[in-house]
Amino acid sequence: AILKVKPDAPREKLGPLLNPEAAHVWEMTTSGVIRSVHYIKGPVGAVLMLEAVDEQDAEKHIKQLPMVEHGLLSVEILPLTPFTGFAALFASPTT
């Protein structure tokens, strides 16, 4: 999921939510929902790698984040699948 601070989000509302947001992300990480967290360079947001059954499951988890609940972040969920291209690249040619 790509989470970005909305351009019109009041900065004074973000500060008080930083600790609750981090605590919830930590809880989701220790429970196995979040696999990794990466900041987007600059203070614009983060990318979260989630373990989810489908997009609706991922959305259910993301909607629980305090900054999302308060409408301060835009959310984009990108479903990912394993990369399988190496098998085709390095497969033995059939004769």
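Residues numbered from 1 in each chain as written. Predicted model: local features only at pLDDT ≥ 70, side-chain atom pairs only at ≥ 80, totals over all residues. Heavy atoms only, no water.

## Brief notes about the packing of aromatic side chains
For any pair of aromatic rings, the description consists of the separation of the ring centres together with the inter-plane angle of the planes.
Part 1: Scanning the entire structure with this criterion turns up 2 aromatic pairs.
Part 2: Ring centres of F83 and F86 lie 4.9 Å apart, and the angle between their planes is 80°; on these two criteria the pair is classed as edge-to-face.
Part 3: Judged by its relative accessible area of 61%, F83 falls in the exposed class.
Part 4: For the ring pair F86 and F90, a centre distance of 6.2 Å and an interplane angle of 20° mean the geometry is stacked. Separated by 4 residues within a single helix, F86 and F90 lie in helix 5 (residues 85–90), roughly one turn from each other.
Part 5: Residue class for F86 comes out exposed when judged on its relative accessible area of 53%.
Part 6: Owing to a relative accessible area of 64%, F90 belongs among the exposed residues under this scheme.
Part 7: Feature note: the residues F83, F86 and F90 constitute an aromatic cluster, connected by ring pairs. (Phe/Tyr/Trp six-rings, centres within 6.5 Å; stacked < 30°, edge-to-face > 60°. Buried < 20%, exposed > 50% of the residue type's maximum accessible area, 1.4 Å probe, protein only. Helix = DSSP H or I, 4+ residues; strand = E, 2+ residues; numbered from the N terminus.)

## A look at the side chain of H61
Part 1: In this fold, H61 is placed in helix 3 (residues 55–62).
Part 2: On the basis of relative accessibility, which here comes to 14%, the residue H61 falls in the buried class.

## Looking at the layout of surface pockets
Part 1: Of the voids in this model, the largest pocket is the one considered here, and its volume is about 490 Å³.
Part 2: What lines the largest pocket is a set of 20 residues, among which L18, E21, Y39, A46 and M67 lie closest to the centre.
Part 3: At the level of elements, strand 1 (2–5), helix 1 (11–14), helix 2 (18–30), strand 2 (34–40) and strand 3 (45–50) are the ones that each hand at least two residues to the lining of the largest pocket.
Part 4: Partitioned by chemical class, the residues of the lining of the largest pocket number 15 nonpolar, 3 polar and 2 charged.
Part 5: Along the wall of the second largest pocket there are 17 residues; nearest its centre are M49, L50, L78, P79 and L80.
Part 6: Those elements that provide at least two residues to the lining of the second largest pocket are strand 3 and helix 3.
Part 7: Broken down by element, the residue count for the lining of the second largest pocket peaks at 4 residues, all from strand 3. (1 Å grid on protein atoms, 1.4 Å probe; cavity = no way out; pocket = protein on both sides within 12 Å on 5 of 7 lines; lining within 4 Å. Points joined across faces, edges and corners; volume = space filled by probe spheres on them. Nonpolar A, V, L, I, M, F, W, Y, C, P; charged D, E, K, R; others polar.)

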